Amino acid sequence: MLDLYKHHRRECIAFIVLFALLSLYIATHPRGASTYVMTIWANQCLILALAAMAQFFVVLVRGIDLSVGAIMALSNCVASYVLVGSGIDLFYGSIAVVLTGTLCGALNGLIVVYGRIQPIIVTLATGSVFIGIALLLRPTPGGTINYDFADAMTLDIAGIPTAVIICAVLLIGFWIPLRRSGLGRAFYAIGSSEQAAFQSGISVNTVRIFAFAMGGTFAGLAGSYFSYVTATGDAGIAANFTLNSIAAVVLGGVALSGGVGSLVGALLGACILKTISSLMFFSGLPPLAQPLIEGVVLAGAIAIGSSEVLRMKNRLQVFDR
Amino acid sequence: MPPTHTGSSRLKTNTTPLVRLENVTKRYGATVAVSNVDFACHSREIHAVLGENGAGKSTLMKLLSGVIQPTEGKLYIDETPVVLSSPRKAIDLGLICMFQELSLVPDLSVKENLLLGGKGSAYGFSRQTDRQLARTLLDQIDGHNIKLSTRVSELSLAERQQVEIAKALSRKPRLLILDEATSALNASVVEKVFELIRVQRDSGTGILFISHRFHEIEAIADKISVFRNGAHIDTFANGEHDYPAIINKMVGQTLTELFPSLPPLSAAAKTVLNIDSLSWNSIVNDISLTMREGEILGLGGLDGQGQSSVMQALFGLLKGTTGQVAINGTGDLPTSPKSAKSLQTGLAWVPEDRKAEGLILDQSIVENMELAALGHASNPDSTVFSDLMQALDLKYRSLDQPVSDLSGGNQQKVALIKWLVISPKCLLLSDPTRGIDVKTKTQIYGLLKTLSESGMAVILLSSDYEELIHLCHKVHIFYDGTVVESLSGESLNAQNIIAASLNMHQSAAPAHA
Amino acid sequence: MSNTATARFYSAEFFEAAFPYVATVLMILGASTFFPEFLSANYLLQQMQIAAFLGVIALGATIVILLGHIDLSVPWVLGGAAIISTAMAGSDNAILIALAVPAALAFGALVGVVNGIGVAWFRIPSMVWTLAVNSMLLGVAVLNTGGFNPKGEASPLMVTMASGKIAQIPMAFVIWMALALILFVFLKRGGYGRYLSSIGFNEKATYLSGVSTLRVIFSAFMIAGACSALGGVLLAGYANQAYQSMGDPYLMPTIAAVVIGGTSILGGKGTLAGTIGGVAFITLLSSILSVMQISEAWRNIIFGCIIITMLLLQTLRRKRV
């Protein structure tokens, strides 16, 4: 048990922080710990969490994805066309939306690997392209989603918000098996030491493209969940989500240099960010001061997370990571 | 340790080589790493490869493990031509390499590293049997203390080498390649590793073994090959030639004298460094020593006993030290490398890891040589640089070429020149000849003699006890953060150094210099 | 020792920096076959003025990127500087009006110090910390202006700086070139440029060579902050006021300009001259797309595709070397 804590120290701290914030939120919210409140909270969190998970896969292999928001916007716009009708149409439609994300991510990966260009600048450019395509689809926000379907995804099942169930399924059914598989190990290996991974026989290029594609898929999932929550297609949502996804993964203990962190961390970081926003909203603090307080809290959290550096007794140690 | 020649009877090997290189050449741009190499290894044989750094041994290993491909020439496995396009291909064909620069991923656990890239694990899940095999192998080489769930980043270098060996063996190799596989391991672990290797050989595996430690090669090898300057010079049975003859093959000439004679210390020499009861973080415990102009002081002992921390403390890298220190008249330890190199304090440090700490590989020779001197009060002009380059016999094509192009020996020369141009009063050297070819070592030893004669004080931290014996006026042996023994003159010999390193000396009085 | 300097002039570095200039010229010539007015002196002079706004910011960004870091606080340093200078210039106090521009620049440098604290002392990845600082500045601005357009106006000096002319040449362009020259000299003398490059390649080895890396990092961020502030002052002078989110459209083009100019996003390699070329390229590209009345959707797509093409060409060129 102690080992678990030692190896996942940052996630444990993030969890405790989230728990504290959530308790505070429920305590201050006028409607308290009701299914309604929790569902709204969970829905908002899941959108950002999925975006953060998308960012996680790219950051894990020592990259950064500045197109997360753009892929979300594009998938969102695709959804506003395709998630109509019923039954089998919805099924294919959902796949189409997520697949949009996967294709975008794969494109990012291909350009990074075969173009030998740094991810930050590739995703900057592709993000622009994706937004452009999204604007082609929806020059102004519009379109609709099948309301029943959207409701099913965003309400609750037996009192538990569907968003929470979706999360649990992702973690237990997807993340834990992936983490134990060779592919999961390969992701971490490439991020931690590409040379070691290569010498161990891992096909670095293929795995890296896979990581980007995985990131794109989650961005597509984020975009589709966004459509369920807002029921329209909007190309303008991108920038906010991209930057917040980076903040979320960092808060969740994922290292921007790669090889360190977990999907759980990305999830927790996103929830912490969202809970802080929600707390602000209901806290009674002057609305004009809220962005500043959010910014200060974010900065403070990041600084505290790095404060161990100040206590290092060997000045050379600060250079390792 | 007497060489075991149990292998020599096996020299009547199967005539079909397991792996064969035919007329292989590898070029990097204008540099030729290996040229026209014909080389073969057989199964059931331990084949050692000897050569200085730059001889082509590492290139040979990389060719055989698929990390690089030949520019010209062909590779044959069981006499079938193959192209080893990637490490994956080589591993699949049974050529398993244990790399000098380890192939372990720091952020994954031991277990995960052992499974990395293994057969059938690409996108699938690990099996119980894999874990058990890994555990068994680790235990066989004294790795009981290494828990499978530990992160590799938390292991010591010796433990990492043990994990790397277990990883290589678990892949069931046909040809096992060990590139400096035992450099950090102590004698008893090395013996267990050798036992495992002999078992592998007897069951049909071919072994390729690179080491700089000649006594290890003597102990384990059936056959020895010598490389020099990228060419395969000779292959012969272990025992056929003696040590001087082998050195001759490696260097191409008889070495008359590796070590220059040590100039005696002048009685009038001033004290340059005075440390009294220095302690830090329980890693350095109550160290006291003094040093005079022209003195070469050695720091010895096993890795990690505090001697490198003392160097770091002197260079201003440690916070929270206690004790009195006087350096060249200043009354305190410097607080940063910048203050350490100031004219007044006059220190310079050439770190052990020249690729990551001593030099900036992407920058040119000129840029590296000037970095410490920029803005320094000593303000050296270009003649200082050119004189030193000549004195050290620096070999280069153009001063603008990146330092990464140079051989290890020349890189180290650049690292030394960088600090010598600011005319330090005291030079700190950490393992300056690690991984350096014999010829450059001789030049560096000659340089140390010249520096000592000119009055510069030198602290030499070395893991090579021959260096400590022949180059130093006095040697302090560290154990557990304290100086357990100070040796000089008659008492400065191999037995005493080794005994003190293992803290086997009976002396009760603390060693003050 | 430096007769090799001449050899270096014709080296790879020169071609890297020349690349964007060549591309810009080709682009203008190509576009002028459709719209001859692209070659008119009027148009080109106007572009020189517009380019200067992006240009001064990009110069500061180059210095930080050479270090291996990145400054994402550009948008709200720019905005903040615009707000401060217009507020002071719009007051009735003659002293405040006179101090408007210096105060704005000092503000930029001060933010640079804050950036330096997080990056150099706390060792927080610059991407994350400067993002957090940006959020805080946004918060301060919202608190201050109540979400409306800030009140104030540009001082006569600011207007001249942004829109004045010296013998037909836009004043803004002159300021840009003067800044470039000052920075160029500053980098060459005393080894500052060498320190930047060395830290960018290997901070640990540079520190161990006795370089005061803290001082270099702090000063680099301060310079970048002051440059972003100067950009804000110019923009405010151009628009005669500060307006909400005026800095947002400048961040991504800044990074793109620096990278297209041949500076490596990882640090160590790069030139100010290349950045100037990159700015010219980006400015002309945006302008041509806008004059040709291409829809926002297509502008985004074309912009992204062209950036990727430029980067791929860079990779091809480097491979041939």
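What counts as what
- Residues numbered from 1 in each chain as written.
- Chains lettered and ligands numbered in written order.
- Predicted model: local features only at pLDDT ≥ 70, side-chain atom pairs only at ≥ 80, totals over all residues.
- Helix = DSSP H or I, 4+ residues; strand = E, 2+ residues; numbered from the N terminus.
- Rg over C-alpha atoms; globule rule 2.2 N^0.38 Å.
- Buried ≥ 20, exposed ≤ 12 C-beta atoms within 10 Å, placed from the backbone.
- Contact = placed C-beta atoms within 7 Å.
- Nonpolar A, V, L, I, M, F, W, Y, C, P; charged D, E, K, R; others polar.
- Axes fitted to C-alpha atoms, helices over the stretch in contact; angles between N-to-C directions.
- Parallel < 35°, antiparallel > 145°, perpendicular 65-115°, else oblique.
- Left-handed = near helix turned anticlockwise from the far one by under 90°.
- Domains from an automatic or database assignment.
- pLDDT = per-residue confidence, 0-100.
- Pairing = 2+ DSSP bridges.
- Expected span 1.5 Å × (residues − 1).

## Here we look at the overall build of chain A
Then, in step 1: Scanning chain A for helices and strands turns up 14 helices and two strands.
Then, in step 2: Computed over the C-alpha atoms, the radius of gyration of chain A is 20 Å, within 12% of the 20 Å expected from 2.2 N^0.38 for a compact globule of 321 residues.
Then, in step 3: If one aligns the C-alpha atoms of chain A with their principal axes, the spans along those axes are about 60 × 50 × 35 Å.
Then, in step 4: Expressed as a percentage of its 321 residues, the buried residues of chain A come to 54%.
Then, in step 5: Taking all contacts inside chain A whose residues are at least 6 apart in sequence as the whole, residues at least 24 apart take part in 79%.

## Things to note about the overall build of chain B
Then, in step 1: For chain B, the helix and strand inventory stands at 17 helices and 19 strands.
Then, in step 2: The C-alpha extent of chain B, read off along each of the three principal axes, is 70 × 50 × 45 Å.
Then, in step 3: Sequence-distant contacts, at least 24 apart, represent 70% of the contacts inside chain B between residues at least 6 apart.

## Structural notes on the interface of chain A and chain C
Then, in step 1: If you look at the interface, chain A gives 42 residues, while chain C gives 40 residues.
Then, in step 2: For the side of chain A that touches chain C, the elements supplying multiple residues, two or more each, are α5 (88-115), α6 (119-137), α12 (238-251) and α14 (290-305) of chain A.
Then, in step 3: Per element, the largest residue contribution to the side of chain A that touches chain C is 13 residues, and it comes from α6 of chain A.
Then, in step 4: Of the residues in the side of chain A that touches chain C, the class split is 32 nonpolar, eight polar and two charged.

## Considerations on the packing of helix α3 (residues 35-60) of chain A against helix α13 (residues 263-282) of chain A
Residues and elements named next belong to chain A.
Then, in step 1: Two elements in contact, α3 and α13, have axes separated by 8 Å at closest approach and are oriented at 140°. Between α3 and α13, the angle falls in the class oblique. Crossing hand, α3 versus α13: right-handed. Contact residues: α3 offers Trp41, Gln44, Cys45, Leu48, Ala49, Ala52, Met53, Gln55 and Phe56, while α13 offers Leu263, Ala266, Leu267, Gly269, Ala270, Cys271, Leu273, Lys274 and Ser278.
Then, in step 2: Taken together, the residues that form the contact of α3 with α13 break down as 13 nonpolar, four polar and one charged.

## A few points about the domain arrangement of chain B
Much of the literature gives interface size as the accessible area that the parts lose upon coming together.
Then, in step 1: You can read the domains of chain B as domain 1 (8-102 + 170-251) and domain 2 (257-346 + 424-432 + 454-513).
Then, in step 2: For domain 1 of chain B versus domain 2 of chain B, the separation of C-alpha centres amounts to 38 Å.

## Focus on the confidence of the model for chain B
Residues and elements named next belong to chain B.
Then, in step 1: The predicted model of chain B has a mean per-residue pLDDT of 84, with 90% of residues at 70 or higher.
Then, in step 2: Scored below 50 in pLDDT, residues 1-12 shows 22 contacts in the model against residues more than four places distant or in partner chains.
Then, in step 3: In this model residues 507-513 is a low-confidence stretch, pLDDT under 50, and it forms 14 contacts with partners more than four residues away in sequence or in other chains.
Then, in step 4: Across the interfaces of the predicted complex, the ipTM metric reaches 0.87, alongside a pTM of 0.88.

## Some points on the sheet that holds strand β19 (residues 482-488) of chain B
Residues and elements named next belong to chain B.
Then, in step 1: Spatially, the six strands line up as an open sheet ordered β15-β16-β17-β13-β18-β19, and their pairing is mixed. Strand pairing shows two members of the sheet lacking a second neighbour, β15 (347-350) and β19, which therefore form its edges. Between one strand axis and the next, the sheet turns through 20° on average, direction left out of account.
Then, in step 2: As judged from the four bridges shared by strand β13 (residues 296-300) and strand β17 (residues 457-461), these two strands associate in the parallel manner. The partner of Ile296 across the bridge, within β17, is Val458.

## A closer look at the domain arrangement of chain A
Residues and elements named next belong to chain A.
Then, in step 1: The domain boundaries assigned to chain A delineate domain 1 (2-284) and domain 2 (289-321).
Then, in step 2: Taking only C-alpha atoms, the centre of domain 1 and the centre of domain 2 are 25 Å apart.
Then, in step 3: Counting residues at the interface gives eight residues for domain 1 and eight residues for domain 2.
Then, in step 4: At the level of elements, α12 and α13 are the ones that each hand at least two residues to the side of domain 1 that touches domain 2.
Then, in step 5: The residue inventory of the side of domain 1 that touches domain 2, partitioned by class, reads six nonpolar, two polar and no charged.

## Focus: unusual backbone geometry
Then, in step 1: Positive phi is not limited to glycine here, since Arg62 of chain A has a value of about 65°.
Then, in step 2: Mapped onto the fold, Arg62 of chain A is located in the loop between α3 and α4 (68-82).
Then, in step 3: Residue Arg62 of chain A is classed as partly exposed on the basis of its 19 C-beta neighbours within 10 Å.
Then, in step 4: A positive phi is found at Asn240 of chain C, a non-glycine position, where the angle reads about 60°.

## Side note on the sheet that holds strand β6 (residues 95-98) of chain B
Residues and elements named next belong to chain B.
Then, in step 1: Spatially, six strands are ordered β6-β7-β8-β3-β9-β10 in an open sheet, and the strand pairing comes out mixed. Strands with a single pairing partner mark the edges of an open sheet, and in this sheet they are β6 and β10 (231-237). Each strand axis lies, on average, 20° off the axis of its neighbour in the sheet, ignoring direction.
Then, in step 2: In terms of strand pairing, strand β9 (residues 223-228) meets β10 through six bridges, oriented antiparallel. Bridge pairing in β10 links Ser225 to Thr235.
Then, in step 3: Contacts from helix α1 (residues 57-64) reach β3 (45-50), β6, β7 (175-179), β8 (206-210) and β9 within the one sheet, and its direction differs from that of β7 by about 145°.

## Concerning the packing of helix α4 (residues 74-89) of chain C against helix α11 (residues 213-239) of chain C
Residue and element names in this part refer to chain C.
Then, in step 1: Contact geometry for α4 and α11: axes closest at 7 Å, N-to-C directions at 55°. Here α4 lies oblique to α11, going by the angle between them. The crossing of α4 and α11 is right-handed. Mapping the contact onto sequence places Val74, Val77, Leu78, Gly79, Ala81, Ala82, Ser85 and Thr86 in α4 and Gly225, Ser228, Ala229, Gly231, Gly232, Val233, Leu235 and Ala236 in α11.
Then, in step 2: For the contact of α4 with α11, the per-class residue count stands at nine nonpolar, seven polar and no charged.

## Points about the pairing of β13 of chain B
All names here are of chain B.
Then, in step 1: Extensive coverage of β13 is indicated by the burial of five of its five residues.
Then, in step 2: Burial along β13 is two-sided: Ile296, Gly298 and Gly300 and Leu297 and Leu299, pointing in opposite directions, are all buried.
Then, in step 3: Across four bridges, β13 lies against strand β18 (residues 474-479) in parallel orientation. The residue bridging Gly298 from the neighbouring strand is Val475, located in β18.

## Quick word on the interface of chain A and chain B
Then, in step 1: Counting from both sides, the interface comprises 25 residues of chain A and, opposite them, 29 residues of chain B.
Then, in step 2: Elements with a contribution of two residues or more to the side of chain A that touches chain B: α1 (2-7), α9 (182-192) and α10 (194-199) of chain A.
Then, in step 3: Counting residues per element, the side of chain A that touches chain B draws most heavily on α9 of chain A, which supplies six residues.
Then, in step 4: Split by residue class, the side of chain A that touches chain B holds nine nonpolar, eleven polar and five charged.

## A short note on the environment of Ile498 of chain B
Residues and elements named next belong to chain B.
Then, in step 1: Mapped onto the elements, Ile498 comes out in helix α17 (residues 494-501).
Then, in step 2: Judged by the 14 C-beta atoms lying within 10 Å of it, Ile498 is partly exposed.
Then, in step 3: Sequence separation between Ile498 and Ser364 is 134 residues, and the spatial gap between their C-alpha atoms is 41 Å.

## Concerning the pairing of β15 of chain B
Residue and element names in this part refer to chain B.
Then, in step 1: Judged by which residues are buried, β15 turns out to be covered on both faces: Leu347 and Trp349 on one side and Ala348 and Val350 on the other are all buried.
Then, in step 2: Sheet analysis places β15 next to strand β16 (residues 426-430), joined by four bridges and oriented parallel. Its bridge partner lying in β16, Val350 is registered against Leu429.

## A closer look at helix α11 (residues 204-230) of chain A
Residues and elements named next belong to chain A.
Then, in step 1: For α11, with 27 residues, the first-to-last C-alpha span of 39 Å sits near the 39 Å given by 1.5 Å per residue.
Then, in step 2: The buried count for α11 comes to 22 of 27 residues, which makes it a mostly enclosed element.
Then, in step 3: Of the residues flanking the end of α11, it is Ala231, one or two places downstream, whose phi is positive at about 60°.

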